[in-house]
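Summary of the model geometry
Below are the chains, spelled out letter by letter.
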Amino acid sequence: MATVAALLSAAGRCLSRSSASTIICREVSGRHRLTIDGCAPSTKLPRDWSATSKAFEAAGYTWQITYAPYGYGNSWRDKYISLQLVYGGHQRTDPLHFSFSFSLLDPAGDPVPAYTRSAEVCWFNGESARKLGFRDFIRWEDLQYSGCLRDDRFVVQCDITVIKDWALSAADDDVAAAADAPARVAVPPSDLRVHLGSLLSKKQGADVAITVGSGREATTYDAHAWLLAARSPVFEAELLATSKDKSPVGGGGGGSVRRRRMEIQGVEPKVFEAMLHFVYTDALPEMAERDVVAMAESLLTAAHRYELGRLKLMCEEMLCKRIDVNTVASTLVVAEQHGCRALKDACLAFMAVPGNLKAVMDTEGYEKIKANFPAVLLEFAMERMPVTV
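Throughout this description, residue numbers start from 1 for each chain and increase along the sequence as written. Local features are withheld for residues below a pLDDT of 70 in this predicted model, meaning they are given only at 70 or higher, and side-chain atom pairs are given and counted only at 80 or more; totals for whole chains, interfaces and linings count all residues. Side-chain numbers here rest on the full set of heavy atoms in the structure, without hydrogens or water.

This part covers the overall build of the protein. When helices and strands are counted, the protein shows 15 helices and 13 strands. Of all 389 residues assigned to the protein, the portion counted as buried reaches 40%. Working rule for contacts: check all heavy atoms of both residues, and any pair within 4.5 Å makes them a contact. Sequence separation of 24 or more characterises 65% of the internal contacts of the protein that already satisfy a separation of 6 or more. Note on areas: Shrake-Rupley, 1.4 Å probe, and residue coverage restricted to the protein chains presented here. Total accessible area on the protein is roughly 22,900 Å²; 54% of this is exposed by carbon and sulfur atoms. Each helix is a run of DSSP H or I of at least 4 residues and each strand a run of E of at least 2, with the numbering of both proceeding from the N terminus. Partly exposed residues are those whose accessible area sits between 20% and 50% of the maximum for their type, while under 20% is buried and over 50% is exposed, using a 1.4 Å probe and protein chains only.

This is the structure we're talking about:
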């Protein structure tokens, strides 16, 4: 009997089974940009008129955006523009939890913090109305003075974050656990720029000496011809045309190699040094905020000269974010000289804001624009001249 009891006990242990389940919450984000074109004609339509965008996918769901030039509710009395986010799916869903925001974009494509509206805790379900928004997103008057209304159109960015949750069974949980288990092999982020930056600082194997400037201000930099040629077609052409002489290589290693020598004029040594740092690391060195505008303007000129497209765009972005009364004139000159359309538009939009133009006209930079780029001011005036039919 003892043996039978033991066998039954063992069999019971074999038949018993524990279970487990998991609820997983994830945030899934998406973004959509909507252009409102023909703003003036839309204000001539009936007060209850609105228009809805085509459906778009974001964060795993289908959405639309409704634009009401007179607002909805009583917002038309204060001449507000209203925007609504509409759940565009046709299927019934469990409660859909999400957050969203609408942002007015400036001419450079960046959100304007003063005209960004957010809704943090929202939900739709199969029965409730499926639209939420802001009846007082922005006043028409504020839009006209914001500098964001260009050619009778403006752009709004909608950011959506959906909170998804899954209740997994025991079997599913095993699969999810395996999928979510931390990788046993941790792959570090790329450190190529660190190694190349080290190569620049140590000067190992440097085979080109570049002298920047002249006289007492001249500074010589050791670099690697293969990297310069790979990064810039202008450097490549200049290096091919440069003869080699036999001279010791700086930075250790001993011996001698055939080394090219180059001379560069028209670029300040500190600007060239920052550009060389970018060539090796694809990033800019740290700089004090008070120096950013002057350095970015000079670097943009150098980037244009040496056809470093990414560096040119980085400088353009930095300048777009720092336009003010004291910098807009010099920045506009740089933009016009080097074909930076987005930067030029941002400068002209800033000058178009009431009060800004008069302040800019009192600066020395404005006199430089008048003397050297009168066509820019003519274009600015023509764009804002009222059209009569």
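By definition here, a helix of n residues has an expected span of 1.5 Å times n minus one. Between its terminal C-alpha atoms helix 10 (residues 309–320) stretches 17 Å, which fits the 16 Å expected from twelve residues at 1.5 Å a residue. Within helix 10, the full set of buried residues consists of Leu311, Lys312, Cys315, Glu316, Met318, Leu319 and Cys320. On its buried side, helix 10 packs onto helix 8 (269–281), helix 9 (292–305), helix 11 (328–337) and helix 12 (341–352).

Attention now goes to the packing of helix 9 against helix 10. Direction vectors running N to C along helix 9 and helix 10 enclose 150 degrees, while the axes themselves pass 8 Å from each other. Relative to helix 10, the element helix 9 lies roughly antiparallel. Both helix 9 and helix 10 take part in a crossing whose hand is left-handed. Packed against helix 9, whose contacting residues are Val292, Val293, Ala296, Glu297, Leu299, Leu300, Ala303 and His304, the element helix 10 presents Leu311, Lys312, Cys315, Glu316, Met318 and Leu319 at the interface. Gly falls in the polar group here, along with every residue not listed as nonpolar (Ala, Val, Leu, Ile, Met, Phe, Trp, Tyr, Cys, Pro) or charged (Asp, Glu, Lys, Arg). Its residues placed into classes, the contact of helix 9 with helix 10 shows ten nonpolar, one polar and three charged. The convention used is that axes are lines fitted to C-alpha atoms, helices contributing only their stretch in contact, and that angles between N-to-C directions extend from 0 to 180 degrees. Relative orientations are named as follows: roughly parallel for angles under 35 degrees, roughly antiparallel for angles over 145 degrees, roughly perpendicular for angles from 65 to 115 degrees, and oblique for any other angle. In this scheme, a crossing is called left-handed if the near helix is turned counterclockwise away from the far one by less than a right angle; it is called right-handed if the turn is clockwise.

What follows concerns the pairing of strand 11 (residues 219–223). Two strands pair if DSSP finds at least two bridges between them. Pairing of strand 10 (residues 208–212) with strand 11, which is carried by five bridges, proceeds in the antiparallel orientation. Residue isoleucine 210 lies in a different strand from strand 11, and its bridge partner there is tyrosine 221.

A word on unusual backbone geometry. Despite not being glycine, alanine 59 has its phi angle at roughly 55 degrees, a positive value. Tracing the backbone shows alanine 59 in the loop between strand 3 (56–58) and strand 4 (61–68). For aspartate 151, which is not glycine, the phi torsion reads 55 degrees and is therefore positive. Structurally, aspartate 151 can be placed in the loop between helix 3 (140–145) and strand 9 (153–168). By relative accessible area, which is 64% here, aspartate 151 ends up exposed.

The criterion for an aromatic pair is that two Phe, Tyr or Trp rings (for Trp, the six-membered ring) have centres within 6.5 Å, with stacked assigned to planes under 30 degrees apart, edge-to-face to planes over 60 apart and tilted to the rest. Enumeration over the complete set of coordinates arrives at 13 aromatic pairs. Plain terms: the ring middles of phenylalanine 235 and tyrosine 306 are 4.5 Å apart, the flat faces sit at 20 degrees to each other, and that makes the pair stacked. On the criterion of sequence distance, the pair formed by phenylalanine 235 in helix 7 (residues 233–240) and tyrosine 306 in the loop between helix 9 and helix 10 is long-range, its members being 71 residues apart. No difference in accessibility class separates phenylalanine 235 from tyrosine 306, as the two residues are buried. Put simply, the rings of Tyr61, Trp63, Tyr87, Phe98, Phe100, Phe102, Phe134 and Phe137 touch in pairs and so form one group of aromatic residues. The ring centre of phenylalanine 278 lies 5.1 Å from the NZ or CZ of arginine 231, which sits over that ring. Counting as a charge over the ring demands two things of the Lys NZ or Arg CZ atom: a distance within 6 Å of the ring centre and an angle within 35 degrees of the ring normal.

So, about the environment of phenylalanine 278. Mapped onto the secondary structure, phenylalanine 278 falls in helix 8. Exposure remark for phenylalanine 278: the relative accessible area of 2% places this residue in the buried category. Distance from phenylalanine 278 to leucine 311, taken between C-alpha atoms, is 7.5 Å for residues 33 residues apart in sequence. In contact with phenylalanine 278, not counting residues within four places along its chain, are Arg231, Ala283, Leu284, Leu308, Arg310, Leu311 and Met314.

This next bit is on the nonpolar core. Residues Ile210, Leu228, Phe272, Met275, Leu299 and Leu311 are the most contacted members of the largest nonpolar core, which totals 61 residues. When near neighbours in sequence (up to four residues on either side) are disregarded, methionine 275 contacts Phe235, Leu299, Ala302, Tyr306, Leu308 and Leu311. For the purposes of this section, nonpolar cores are sets of buried Ala, Val, Leu, Ile, Met, Phe, Trp, Tyr and Cys residues that join through side-chain atoms within 4.5 Å. If you look at the next biggest cluster of nonpolar residues, it comprises 34 residues, including Phe56, Tyr87, Leu96 and Cys158.

This paragraph deals with the packing of helix 11 against helix 14 (residues 364–372). In contact at an axis separation of 7 Å, helix 11 and helix 14 are set at 30 degrees when each is read in the N-to-C sense. Here helix 11 lies roughly parallel to helix 14, going by the angle between them. On helix 14, the residues touching Ala329, Leu332 and Val333 of helix 11 are Gly365, Tyr366, Lys368 and Ile369. Taken together, the residues of the contact of helix 11 with helix 14 break down into five nonpolar, one polar and one charged.

One side chain can pair with another of opposite charge once the charged atoms of both are near each other. For this document, the term salt bridge refers to a Lys or Arg side-chain nitrogen within 4 Å of an Asp or Glu carboxyl oxygen. Tallied over the full model, the rule gives ten salt bridges. In this structure, lysine 344 engages glutamate 336 in a salt bridge whose closest nitrogen and oxygen atoms are separated by 3.0 Å. On the accessibility criterion, glutamate 336 (30% relative accessible area) is partly exposed. Taken together, the shared-partner salt bridges in this structure form one network comprising Arg150, Arg341 and Asp345.

Of all residues in the protein, 80% have pLDDT values of 70 or greater, and the mean over the chain is 81. The predictor attaches a confidence to each residue, called pLDDT, with possible values from 0 through 100. Note on residues 249–254: pLDDT under 50 across the span, and twelve contacts to partners over four residues away in sequence or across chains.

This part is about the environment of threonine 220. Counting through the fold element by element, threonine 220 comes out in strand 11. Once the C-alpha coordinates of threonine 220 and alanine 209 are considered, the two residues, eleven residues apart in sequence, prove to be 6.5 Å apart. Excluding anything up to four places from it in sequence, threonine 220 contacts Ala209, Ile210 and Thr211. Among the polar contacts made by the side chain of threonine 220, one reaches the side chain of threonine 211 at a distance of 3.1 Å. Two N or O atoms count as a polar contact when they lie within 3.5 Å, although within protein this holds only if one can serve as hydrogen donor and the other as acceptor, and sequence-adjacent residues are included solely when both atoms are side-chain atoms.

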